[in-house]
Amino acid sequence: MPTPLSLFNLLFIFISFSTSPYSAAAKTRNAPQDLVRSSCVHASFPNLCIRTLSSYAGPANTPRDLAQAAVKVSIARARRVSKYLDTLSGAKTKRERVALSDCVEQMYDSVDELSRTLGELKHLREETFRWQMSNAQTWVSAALTNEDTCLDGFHEVESEVKDGVKRKITNVARVTSNALYLINRLDESRGRPKVGSLNMEVFVISKFIYFQISVSLFFL
């Protein structure tokens, strides 16, 4: 049977190891990943949120970093879709050409609105925080609306490009939805009552119900 002294020694070794620089370093290394997981768990698309932000190369050590990273991911994917749409300029029918032209314009608008959002998040100030967060939420919501509108334009278009457009726009819309969630979470993390918090959550949910309906109508 272990003596009291040997038990004390074991306890001392355990405490020393758990508070050692090596243990602290391990916790430091895992901190960004823990932040990503805890922040994404209730996002609109949690698995996508974790996957995209876990592989993000920039610093993401605070909720503000994470919100900025999510917006950067949205910008990058929206730009990629814009380039893809530009390659589809050889549309066969007038309706398809109009839908593509409108969609290109809407994606450019989305990139602009997301870029403005990123600029606002990079320069948050205490005295204007609520106003800046309201701007960011408005612009990201507008980007989501643009993505919905892009899909709507293809509703009555019979074209082989519909599948590709649907897949890519859906992906952009999902990462944009996650970005909006993280921006709202950043707002709430300030510990202030969030004016219209429930309304914003209802807005996000309703937007994606509408978005999913738009996607399903593609093939009717």
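The coordinates are above.
Report on the accompanying structure. (Residues numbered from 1 in each chain as written. Predicted model: local features only at pLDDT ≥ 70, side-chain atom pairs only at ≥ 80, totals over all residues. Heavy atoms only, no water.)

1. Here we look at the packing of helix α4 (residues 63–86) against helix α7 (residues 162–188)
- It is the contact of α4 with α7, at a shortest axis distance of 9 Å, that shows an interaxial angle of 160°. By the criterion of interaxial angle, the relationship of α4 to α7 is roughly antiparallel. The hand of the α4/α7 crossing is left-handed.
- Along the lines of polarity and charge, the residues of the contact of α4 with α7 split into 18 nonpolar, four polar and three charged. (Axes fitted to C-alpha atoms, helices over the stretch in contact; angles between N-to-C directions. Helix = DSSP H or I, 4+ residues; strand = E, 2+ residues; numbered from the N terminus. Parallel < 35°, antiparallel > 145°, perpendicular 65-115°, else oblique. Left-handed = near helix turned anticlockwise from the far one by under 90°. Nonpolar A, V, L, I, M, F, W, Y, C, P; charged D, E, K, R; others polar.)

2. Comments concerning the pattern of salt bridges
- A full pass over the atoms with the stated rule returns four salt bridges.
- Here Arg37 and Asp34 are joined by a salt bridge, their closest N and O atoms 2.5 Å apart. Of this pair, Arg37 and Asp34 both sit in helix α2 (residues 21–40), three residues apart, which is roughly one turn of that helix.
- Residues Glu127 and Arg125 are paired through a salt bridge, measuring 3.8 Å at the closest nitrogen-oxygen approach.
- Glu127 gets classed as exposed once you look at its relative accessible area, which sits at 64%. (Salt bridge = Lys/Arg side-chain N within 4 Å of Asp/Glu carboxyl O. Buried < 20%, exposed > 50% of the residue type's maximum accessible area, 1.4 Å probe, protein only.)

3. Overview of the state of the cysteines
- Going through the model one piece at a time under the given rule, you end up with two disulfides.
- Bridging Cys40 to Cys49, the disulfide has an S-S length of 2.0 Å. Taking the sign of the S-S torsion, -60° for the link of Cys40 and Cys49, the bridge is left-handed. The residues Cys40 and Cys49 share a single accessibility class, namely buried.
- Each sulfur of the disulfide joining Cys103 and Cys150 lies 1.6 Å from the other. Since a negative S-S torsion denotes a left-handed disulfide, the Cys103-Cys150 link at about -65° is left-handed. Taken together, the positions of Cys103 in helix α5 (residues 94–122) and Cys150 in helix α6 (residues 129–153) put the pair 47 residues apart, joining distant regions of the chain. The residues Cys103 and Cys150 share a single accessibility class, namely buried.
- If one numbers only the bonded cysteines of the protein, in the order they occur, the disulfide pattern is 1-2, 3-4. (Disulfide = S-S within 2.5 Å.)

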